[in-house]
Amino acid sequence: MAYTWQYYDLVLFGIAASMSIGAGIGILTSVSLPMAIIAAGIVASAIIGHGLFVNGPVDEPRDLANEVDVLN
């Protein structure tokens with residue numbers, strides 16, 4: 001069975017890629033490392049925000065109101 005990429009796989013890849021690219025820019029260019037990491041962190045935060053709020057892990061908003069049976 002071949003593995004198919006899911007949206008959240010791409011979210012995780014995007015977070016790792018943005019932080020790695022930020023570190024690379026900070027090390028290999030004249031941009032300071034802290035500034036490059038901060039900029040990469042902002043990009044990673046935007047990717048996380050998209051994964052949580054724009055394309056969240058629920059089918060419909062009413063799914064958020066369901067009770068969790070495990071905790072009862």
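The structure we're discussing is the one just above.
It should be emphasised that the depicted structure is a prediction, and the values quoted were computed from it without experimental measurement.

S.K.: Sorry if this is basic, but what is going on with the overall build of the protein chain here?
M.R.: Each helix and strand counted, the protein chain has two helices and zero strands in total. Burial statistics for the protein chain: of 72 residues in total, 12% are counted as buried. In the protein chain, of all internal contacts separated by at least 6 residues, the share reaching a separation of at least 24 is 47%. Total accessible area on the protein chain stands at roughly 5900 Å², and carbon and sulfur atoms take up 70% of it.

S.K.: Is there a simple way to think about the packing of aromatic side chains in this case?
M.R.: For any pair of aromatic rings, the description rests on two quantities: the centre-to-centre distance and the angle between the ring planes. Under the counting rule described, the total for this entry stands at one aromatic pair. Measuring from ring centre to ring centre gives 4.9 Å for Tyr7 and Tyr8, while their planes differ by 80°; the resulting arrangement is edge-to-face. You can call Tyr8 partly exposed: its relative accessible area is 34%.

S.K.: Got a minute to help me understand the environment of Ile47 in this structure?
M.R.: You can see Ile47 is positioned in helix 2 (residues 33-54). Using a relative accessible area of 24% as the deciding quantity, one classes Ile47 as partly exposed. For the pair Ile47 and Val11, spaced 36 residues apart in sequence, the C-alpha separation works out to 6.4 Å. Excluding residues that lie within four positions of it along the chain, Ile47 makes contacts with Val11, Gly14 and Ile15.

S.K.: Any chance you could explain the packing of helix 1 (residues 7-28) against helix 2 here in plain terms?
M.R.: Axes are the key here: two packed helices are described by the angle between their axes and the distance separating the axes. One can describe the packing of helix 1 onto helix 2 by two numbers: an axis separation of 7 Å at closest approach and a directional angle of 170°. Looking at the two axes, helix 1 sits roughly antiparallel to helix 2. Mapping the contact onto sequence places Tyr7, Tyr8, Val11, Gly14, Ile15, Ser18, Met19, Gly22, Ala23, Ile25, Gly26 and Ile27 in helix 1 and Leu33, Ala36, Ile37, Ala40, Gly41, Val43, Ala44, Ile47, Ile48, His50 and Gly51 in helix 2. Residues belonging to the contact of helix 1 with helix 2 are distributed by class as follows: 16 nonpolar, seven polar and no charged.

So, how was this worked out
Residues numbered from 1 in each chain as written. Predicted model: local features only at pLDDT ≥ 70, side-chain atom pairs only at ≥ 80, totals over all residues. Heavy atoms only, no water. Helix = DSSP H or I, 4+ residues; strand = E, 2+ residues; numbered from the N terminus. Buried < 20%, exposed > 50% of the residue type's maximum accessible area, 1.4 Å probe, protein only. Contact = heavy atoms within 4.5 Å. Areas by Shrake-Rupley, 256 points an atom, 1.4 Å probe, with all protein chains shown as cover. Phe/Tyr/Trp six-rings, centres within 6.5 Å; stacked < 30°, edge-to-face > 60°. Axes fitted to C-alpha atoms, helices over the stretch in contact; angles between N-to-C directions. Parallel < 35°, antiparallel > 145°, perpendicular 65-115°, else oblique. Nonpolar A, V, L, I, M, F, W, Y, C, P; charged D, E, K, R; others polar.

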